[in-house]
Amino acid sequence: MIGDLFTRWAGEASAHAGQVDLLVLGFTLLVAALSLPVFVLMVVFALRYRRGRAVNRRHPINRNVWIEVSWAIIPFILIVMFFVWATSLYVDIYHPPDDAIEIQVEAKQWMWKFQHPGGQREIDELHVPAGEPVRLTMASQDVIHSLYVPALRLKRDVVPGRYVSMWFTADRPGDYVMTCAEFCGTNHSTMGGRLVVMAPADYARWLAEADVDRSLAAQGAALFRSAGCSGCHGASATVHAPPLAGLYGRPVPLDDGTVVTADDQYIRDSILLPHAQIAAGYPRIMPTFRNILDEAQVLRLVAYIKSLANDPPSSQSPADDHPAGGQPPVEQGR
């Protein structure tokens, strides 16, 4: 009952938010239960044994072992229980469901840019369906930002040069405040927006009404060709470059003997920092695209390569069906 009143007062948009509130409330009550008797006894003893008061000051030592053990063991067990509870919530936010809707987020001074899998884009507003898990893959274009949605009880720093993710299942339709929780410049206070949780039917209608002609992966495929990537990574390329079909999510042996997983971060680093991790058996001839592509374009390329995850490694990528136009291909990479 008390927990329900607390969550209503704070406002919540997900079951995770309610669990966090109950954890905070329960731990606060535990701390109060453990510390309140100490402060009460301090006041009682200060009054009872103050100077000049005639009281019995000869107290024999109580050697009751069970009392000594109980007031040490019971608080310890309770603290461990809360530790396990808090850890389970913390671990859960790092394991999104496989069927989560993946939305790309680009943070920059002073706005949040969101790209949906279908290619829909929005700034400072994020529309999501109620009751469906959503995973945000976030990157910063300039400085450290921090996406904070109080109603979800979730906050995650977005650091330049790294991909960070955050997932949630918002189950209560409505509009919720979204802000940046990290001071990121003179107009930091204006970097905010709203999270719009919609009924699934309304969300599907919103997606259909958005004026887009290509999905995020299709945009990445077009960029893959225009940036010249297909000239080296395509099936018809004469350059010795790793194939990208079937790459995402697979282990990649490196020339230093280690093995990494081809996740979002690895693909991003392969584009912007190509010499940081060289795939075993391939030469160091991949040029960097750090000053050519911005974070939004890299996110599209990552989405395209992820869309090839289930293709057999020897298959021809869709981009190879459409020769690159505009720019000549650049040298190959990992």
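Remember, it's a predicted structure, so these values are computed and weren't measured experimentally.

Summed over the entire model, instances satisfying the criterion amount to 13 salt bridges. As a salt-bridge pair, Lys306 and Glu102 come within 2.3 Å of each other at their nearest N and O atoms. Taken together, the residues Lys306 in helix H8 (residues 295-307) and Glu102 in strand E1 (residues 101-108) connect sequence positions 204 residues apart. Judged by its relative accessible area of 15%, Lys306 is buried. Among the salt bridges present, the one from Glu125 reaches Arg194, with a minimum N-O distance of 2.7 Å.

Here the focus is the sheet that holds strand E10 (residues 192-198). An order of E4-E10-E9-E6-E7 is seen for the five strands of this open sheet, with the pairing classed as mixed. The open sheet has two edge strands with one neighbour each: strand E4 (125-129) and strand E7 (154-158). Mean inter-strand twist for the sheet, computed between neighbouring axes without regard to direction, equals 20 degrees. Of the strand pairs in this sheet, strand E6 (residues 145-149) and E7 are connected by five bridges, and their pairing is antiparallel. Looking across to E7, one finds that Tyr148 is bridged to Lys155. Together, E4 and E10 form the strand contacts of helix H4 (residues 200-209), whose direction differs from that of E4 by roughly 130 degrees.

Another aspect to go through is the pairing of E10. Most of E10 is tucked away: five of the seven residues are buried. Pairing analysis gives six bridges linking strand E9 (residues 174-180) to E10, with the strands arranged antiparallel. Each residue of the ladder has a partner; that of Asp175, found in E10, is Val196.

Before going further, it helps to examine the state of the cysteines. The tally for this structure, following the rule as stated, stands at zero disulfides. Cys184 provides the cysteine sulfur closest to Cys180, a residue in no disulfide bond, and the two sulfurs are 4.0 Å apart. For Cys180, a relative accessible area of 4% translates into the label buried.

Turning next to the UniProt feature "transmembrane region" (unreviewed entry) in the chain. Here, the residues flagged by UniProt with the feature "transmembrane region" (unreviewed entry) are residues 22-45 and 65-86. Secondary structure content for residues 22-45 is 100% helix and 0% strand, and the end C-alpha separation is 35 Å. Its end C-alpha atoms 32 Å apart, residues 65-86 is made of 100% helix and 0% strand.

Under the 1.5 Å per step criterion, the end-to-end length of helix H3 (residues 65-92) is 41 Å for 28 residues, consistent within 8% with the ideal 40 Å. The N-terminus of H3 is capped by Asn64, whose side-chain oxygen sits 3.0 Å from the backbone nitrogen of Trp66.

Cut-off values and rules
Residues numbered from 1 in each chain as written. Predicted model: local features only at pLDDT ≥ 70, side-chain atom pairs only at ≥ 80, totals over all residues. Heavy atoms only, no water. Salt bridge = Lys/Arg side-chain N within 4 Å of Asp/Glu carboxyl O. Helix = DSSP H or I, 4+ residues; strand = E, 2+ residues; numbered from the N terminus. Buried < 20%, exposed > 50% of the residue type's maximum accessible area, 1.4 Å probe, protein only. Pairing = 2+ DSSP bridges. Axes fitted to C-alpha atoms, helices over the stretch in contact; angles between N-to-C directions. Contact = heavy atoms within 4.5 Å. Disulfide = S-S within 2.5 Å. UniProt positions renumbered as here; feature names shortened; annotations may be inferred. Expected span 1.5 Å × (residues − 1). Polar contact = N/O pair within 3.5 Å; in protein donor to acceptor, adjacent residues only side chain to side chain.

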